[in-house]
Amino acid sequence: HTHPYMSRSPRAARTEEDAPPTDWLAELPPELHLRILEGVDDFSDCAAFSLASPRLGLLALRSSLARFKDPLFAVAMRLQIAQQCVGSVGTVSVTLSEDTLRRYAADRRASADH
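Residues numbered from 1 in each chain as written. Predicted model: local features only at pLDDT ≥ 70, side-chain atom pairs only at ≥ 80, totals over all residues. Heavy atoms only, no water.

Colleague: I'm lost on the overall build of the chain in this one. Help?
Modeller: Looking only at helices and strands, the chain features six helices and zero strands. Moving toward the C terminus, one meets the helices and strands of the chain in the order α-α-α-α-α-α. Expressed as a percentage of the 114 residues in the chain, the buried residues total 20%. A total of about 8,500 Å² of accessible surface is found on the chain, and carbon and sulfur atoms cover 55% of it. (Helix = DSSP H or I, 4+ residues; strand = E, 2+ residues; numbered from the N terminus. Buried < 20%, exposed > 50% of the residue type's maximum accessible area, 1.4 Å probe, protein only. Areas by Shrake-Rupley, 256 points an atom, 1.4 Å probe, with all protein chains shown as cover.)

As structure tokens, then:
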């Protein structure tokens, strides 16, 4: 017996019930999501993860995971977003430097929480 998703292409799916799931992480319990997020230890990876799955990024913030509450996470988010925005037009090289941190700290929108 073949798996129903293997028997025909995803384009052939007629109903939502027939379509293969697109977010495998959504099927995992929130406790397991938190365990996975606890293992993400690089600020750039935390930012990339949050942008790729905003639902899980919010879970990390609301659960007060240290990496996702750190001001460097907010800086990494800004850098990731800048790279994504410019990436569609060209390339940009943005690095985390003292100048970048000073500009972030001087921004009126920055707060103790980000």
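Now, onward.
Colleague: Sorry if this is basic, but what is going on with the nonpolar core here?
Modeller: Here is a general trend for soluble globular proteins: nonpolar side chains tend to be buried in one another's company. Leu-37, Val-40, Phe-43, Cys-46, Ala-47, Leu-56, Ala-60, Leu-65, Phe-68, Phe-73, Ala-76 and Met-77 form the largest nonpolar core, which has 12 residues in total. Elements with a minimum of two residues in this core: helix H2 (43-52), helix H3 (54-62) and helix H5 (71-87). (Core = buried A, V, L, I, M, F, W, Y, C linked by side-chain atoms within 4.5 Å.)

Colleague: Would you mind showing me how to read the packing of H2 against H3 here?
Modeller: It is at 5 Å that the axes of H2 and H3 come closest, and there the two elements cross at 125°. In terms of their interaxial angle, H2 and H3 are classed as oblique. Residue-level inspection shows Phe-49, Ser-50, Leu-51 and Ala-52 of H2 in contact with H3, the latter providing Pro-54, Leu-56 and Gly-57. Residue composition of the contact of H2 with H3, by class: five nonpolar, two polar and no charged. (Axes fitted to C-alpha atoms, helices over the stretch in contact; angles between N-to-C directions. Parallel < 35°, antiparallel > 145°, perpendicular 65-115°, else oblique. Contact = heavy atoms within 4.5 Å. Nonpolar A, V, L, I, M, F, W, Y, C, P; charged D, E, K, R; others polar.)

Colleague: Help me understand the packing of helix H1 (residues 30-38) against H3 in this model?
Modeller: The angle between the axes and the distance between the axes are what describe a pair of packed helices. Relative orientation of the contacting elements H1 and H3 amounts to 80°, with a least axis distance of 10 Å. Here H1 lies roughly perpendicular to H3, going by the angle between them. Residues Pro-30, His-33, Leu-34 and Leu-37 of H1 pack against Arg-55, Leu-56, Leu-59 and Ala-60 of H3. A class-by-class count of the residues in the contact of H1 with H3 yields six nonpolar, one polar and one charged.

Colleague: Explain the packing of aromatic side chains to me, please; I cannot follow it from the model alone.
Modeller: Applying the stated rule across the entire model yields one aromatic pair. The interplanar angle of 55° and the centroid separation of 5.2 Å between the aromatic rings of Phe-68 and Phe-73 together place this pair among those described as tilted. Each member of the pair, Phe-68 as well as Phe-73, is classed as buried. When the ring centre of Phe-43 is taken as reference, the NZ or CZ atom of Arg-67 above it lies at 4.6 Å. (Phe/Tyr/Trp six-rings, centres within 6.5 Å; stacked < 30°, edge-to-face > 60°. Lys NZ or Arg CZ within 6 Å of the ring centre and 35° of its normal.)

Colleague: Can you walk me through the confidence of the model for the chain in this structure?
Modeller: Summarising the model, the chain shows a mean pLDDT of 75, and 63% of its residues fall at 70 or more. Model confidence for the chain, summarised as mean pLDDT per element, is weakest for helix H6 (residues 98-106) at 72 and strongest for helix H4 (residues 66-69) at 92. (pLDDT = per-residue confidence, 0-100.)

Colleague: What's the story with the pattern of salt bridges in this structure? I'm lost.
Modeller: Note on pairing: side chains with opposite charge can pair once their charged atoms come close. Considering all chains together, one arrives at one salt bridge under this definition. One salt bridge connects Glu-38 with Arg-35, and the closest N-O pair in it is separated by 3.7 Å. Taken together, the residues span about one helical turn, with Glu-38 and Arg-35 both in helix H1 at a distance of three residues. According to the relative accessible area criterion, Glu-38 is partly exposed, its value standing at 47%. Since its relative accessible area comes to 59%, Arg-35 is described here as exposed. (Salt bridge = Lys/Arg side-chain N within 4 Å of Asp/Glu carboxyl O.)

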